[in-house]
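Residues per chain, in single letters:
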Amino acid sequence: MSISIYTLTSDLHDEQSVDTTTQAFLATLGHDYVLTDDYADYGTAPLSLIFVRTGGTEGRFRELLPTLLQQSDQPFCLLTSGTNNSLAASMEILSFLRDKGHQGEILHGDGVYLHHRIEVLQRVEQARRRLRNCRLGIIGKPSDWLIASDYDPVKIFSALGITLVDIPMAELLSVYHALPMEGEVVGADLTEDESLRQSLPGANHIYCALKHLVSDYQLDGLTLRCFDLLTSIRNTGCMALARLNAEGIVAGCEGDVPTMLSMMISMALFGVSGFQANLSTLDNTTGELLFAHCTIPLNMVERYELDTHFESGIGVGIRGYMAPGPVTIFKMAGDMSRSFIAEGEMLTTTHRENLCRTQQLIRLSDPAQARYFLTEPIGNHHVIIPGHVADVLTELV
């Protein structure tokens, strides 16, 4: 996808010389772009850069600013080539913007740095646009034990443009009982255990009922007070959530809104919800952490097996095997006041009997970050995202 680059050039400079320098510089960026000095559509592209080609352009920018603010709420990105006093003029412009309370930065460096930085900014702006006007459902309400997982709908909407939609658990149950049972039973070929085979049709039917609510309420994602299903229909939401996440519909457990938000941010940025999990053990010395939960997005695993739900021993749980490799641990607070981001390596999947079914042993890149979990955690659930993506997450949150 091309970026839009809007030029600022002083009349004092030789146009032909500046054009030659411009073409050589932009070729180093490694991005497709549209170059123009017409600001009429500024802010419409996923990323709009202002290329300060020369010095003496500060006054022109000041004249343009009121119009630019009307057209876009993006932070200002000032691209500089390092020639013709481009950087000096950009510094004056950025200082002016900061004094006026506006956000911005100067993009300056070699081609490798600029290529990566533009890639990050483009991804973040696309995510912001995707998050704006998202609708996330809270089916039931947060589980009773989530005493520190409060959230502020006003701050969430102000920061991300996300609307939270409360849906009674009774409505899900009503849909579950009213819908005809579908013929396909996903996972039927993965077990010979008779109790699991008997639970699978119902586990997949929960998926159908949730899909119905997603359509009715026009949801981009949801979090489910899933433990209520254990007593009401003697089954679990683990299979349903695993399937929904794989389809691009964010689906979280236990009515945990901050975790659902974290998963939605991951989905908007990287196209994957992430693995919602509890921290089970921690080694302060090595920075090794063991995370576990009974469901994981099916598009995050190489393969998966079926088991019962850990705490209850009933229904259908998922034991997923994610490929070892780089991961990032992420959590956003429900009032948008802080977040936690840490990179590491997923080492292996473990099989402890006394933990939830999907278990990931992760070693932090910086073992000192393990201290966070013991001194200032943001609730118990955290989200495991494939890849080292801290720089992109930090840019958004």
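Here, the structure is the one placed above.
Here the residue numbers are simple positions, counted from 1 along each chain's written sequence. Predicted model: local features are reported for residues with pLDDT of at least 70 only, side-chain atom pairs are reported and counted for 80 or more only, and whole-chain, interface and lining totals are derived from all residues. The side-chain values count all of the structure's non-hydrogen atoms but skip hydrogen atoms and water molecules.

Caption draft 1: Geometry of the overall build of the protein. In this description a helix means any DSSP run of H or I spanning at least four residues, a strand means any run of E spanning at least two, and both kinds are numbered starting from the N terminus. From N to C terminus, the protein includes 12 helices and 17 strands. By its C-alpha atoms, the protein is 80 × 50 × 35 Å across when sized along the principal axes. Throughout, exposure labels follow a simple rule: accessible area from a 1.4 Å probe, protein chains only, divided by the maximum for the residue type, with under 20% read as buried, over 50% as exposed, and the rest as partly exposed. When burial is assessed residue by residue, the protein has 54% of its 397 residues classed as buried. Any two residues whose heavy atoms approach within 4.5 Å are treated as being in contact. Expressed as a percentage of contacts within the protein between residues at least 6 apart in sequence, the contacts between residues at least 24 apart total 75%. All accessible-area figures derive from a Shrake-Rupley calculation using a 1.4 Å probe, and residue coverage is judged against the displayed protein chains alone. For the protein, the accessible surface area stands at approximately 17100 Å², while carbon and sulfur atoms represent 48% of it. Within this scheme the basic residues Lys and Arg register as positive and the acidic residues Asp and Glu register as negative, but His and the chain ends are omitted. By convention, charge coordinates are those of NZ in Lys, CZ in Arg, CG in Asp, or CD in Glu. The positive charge centre, built from 27 side chains, and the negative charge centre, built from 48, are 4 Å apart in the protein.

Caption draft 2: Highlighting the nonpolar core. Residues belong to a common nonpolar core when they are buried Ala, Val, Leu, Ile, Met, Phe, Trp, Tyr or Cys residues joined through side-chain atoms within 4.5 Å. In terms of nonpolar packing, the biggest core is built from 40 residues, with M239, F291, Y304, L306, I318 and I329 touching the most fellow members. It is strand β11 (residues 288-293) that contributes the most residues to this core, four residues altogether. If we ignore the near neighbours within four places in the chain, the residues touching F291 are A277, N278, L279, I329, T358, Q359, Q360, I362, F373, H382 and I384. In this structure, L164, L269, M336 and V392 belong to the second largest nonpolar core, which totals 32 residues.

Caption draft 3: How the structure looks around the pattern of salt bridges. In the sections that follow, a salt bridge refers to a side-chain nitrogen of Lys or Arg positioned within 4 Å of a carboxyl oxygen of Asp or Glu. This model, assessed by the stated rule, comprises 12 salt bridges. For the salt bridge of E105 with R117, the shortest nitrogen-to-oxygen distance reads 2.6 Å. With E105 in strand β5 (residues 104-107) and R117 in helix α4 (residues 111-131), the pair connects residues that are 12 residues apart, well separated along the chain. The class of E105 is buried, set by a relative accessible area of 19%. Under the relative-accessibility criterion, R117 is labelled buried at 14%.

Caption draft 4: Molecular detail of the side chain of Q360. With respect to the helices, strands and loops of the structure, Q360 is situated in strand β16 (residues 358-364). Q360 sits in the buried class, given a relative accessible area of 0%. Ignoring sequence-local partners within four residues, the contact set of Q360 consists of F275, L289, L290, F291, I296, M322, M346, T348 and I384.

Caption draft 5: Seen up close, the packing of α4 against helix α10 (residues 257-270). In this description, a line fitted to the C-alpha atoms serves as the axis of each element, helices being fitted only across the stretch in contact, and the angle between N-to-C directions of two axes falls anywhere from 0 to 180 degrees. As a packed pair, α4 and α10 sit with axes 8 Å apart at the nearest point and diverge in direction by 125°. Overall, the two elements α4 and α10 adopt an arrangement that is oblique. Read as a crossing pair, α4 and α10 show a hand that is right-handed. Two secondary-structure elements touch here, α4 through R123, V124, A127, R130 and L131 and α10 through M264, I265, M267, A268, L269 and F270. Classification convention: Asp, Glu, Lys, Arg as charged; Ala, Val, Leu, Ile, Met, Phe, Trp, Tyr, Cys, Pro as nonpolar; all other residues, Gly among them, as polar. Tallied by class, residues from the contact of α4 with α10 come to nine nonpolar, no polar and two charged. Put simply, angles under 35 degrees are roughly parallel, angles over 145 are roughly antiparallel, angles from 65 to 115 are roughly perpendicular, and the rest are oblique. Crossing handedness: left-handed means the near helix sits turned counterclockwise from the far one by under a right angle, and right-handed means the same turn made clockwise.

Caption draft 6: Layout of helix α6 (residues 169-178). Buried within α6 are the following residues: M169, L172, L173, V175 and Y176. Here the buried residues of α6 occupy an arc of 160° about the axis, which is enough to place them on one side. Seen from the open side of α6, the exposed residues pointing more than 90 degrees away from its buried face are A170, H177 and A178. On its buried side, α6 packs onto β6 (135-139), β7 (163-167), α7 (194-217), β8 (221-224) and α8 (227-232). Comment: arc refers to directions from the helix axis out to C-beta atoms.

Caption draft 7: Structural view of the packing of α7 against helix α9 (residues 238-246). It is the contact of α7 with α9, at a shortest axis distance of 7 Å, that shows an interaxial angle of 50°. When the axis of α7 is compared with that of α9, the two are oblique. The way α7 lies across α9 gives a crossing that is right-handed. For the pair α7 and α9, the contacting residues are L200, A203, N204, I206, Y207, L210 and K211 in the first and M239, A240, L241, R243 and L244 in the second. Residue composition of the contact of α7 with α9, grouped by class: nine nonpolar, one polar and two charged.

Caption draft 8: Spotlight on the sheet that holds β6. In spatial order, the strands read β7-β6-β8-β9; together these four strands make up an open sheet with parallel pairing. Here the strands that pair on one side only, and so sit at the sheet edges, are β7 and β9 (250-253). Taking each pair of neighbouring strands and ignoring which way they run, the sheet shows an average axis angle of 20°. Two strands form a pair only when DSSP identifies at least two bridges running between them. Examined bridge by bridge, β6 and β8 share four bridges and lie parallel to one another. Its bridge partner lying in β8, I138 is registered against T223.

Caption draft 9: Main features of unusual backbone geometry. Unlike most non-glycine residues, N84 shows phi in positive territory, near 55°. Inspection of the secondary structure puts N84 in the loop between β4 (76-79) and α3 (86-99). Phi is positive for R234, close to 55°, though the residue is something other than glycine. With respect to the secondary-structure elements, R234 resides in the loop between α8 and α9.

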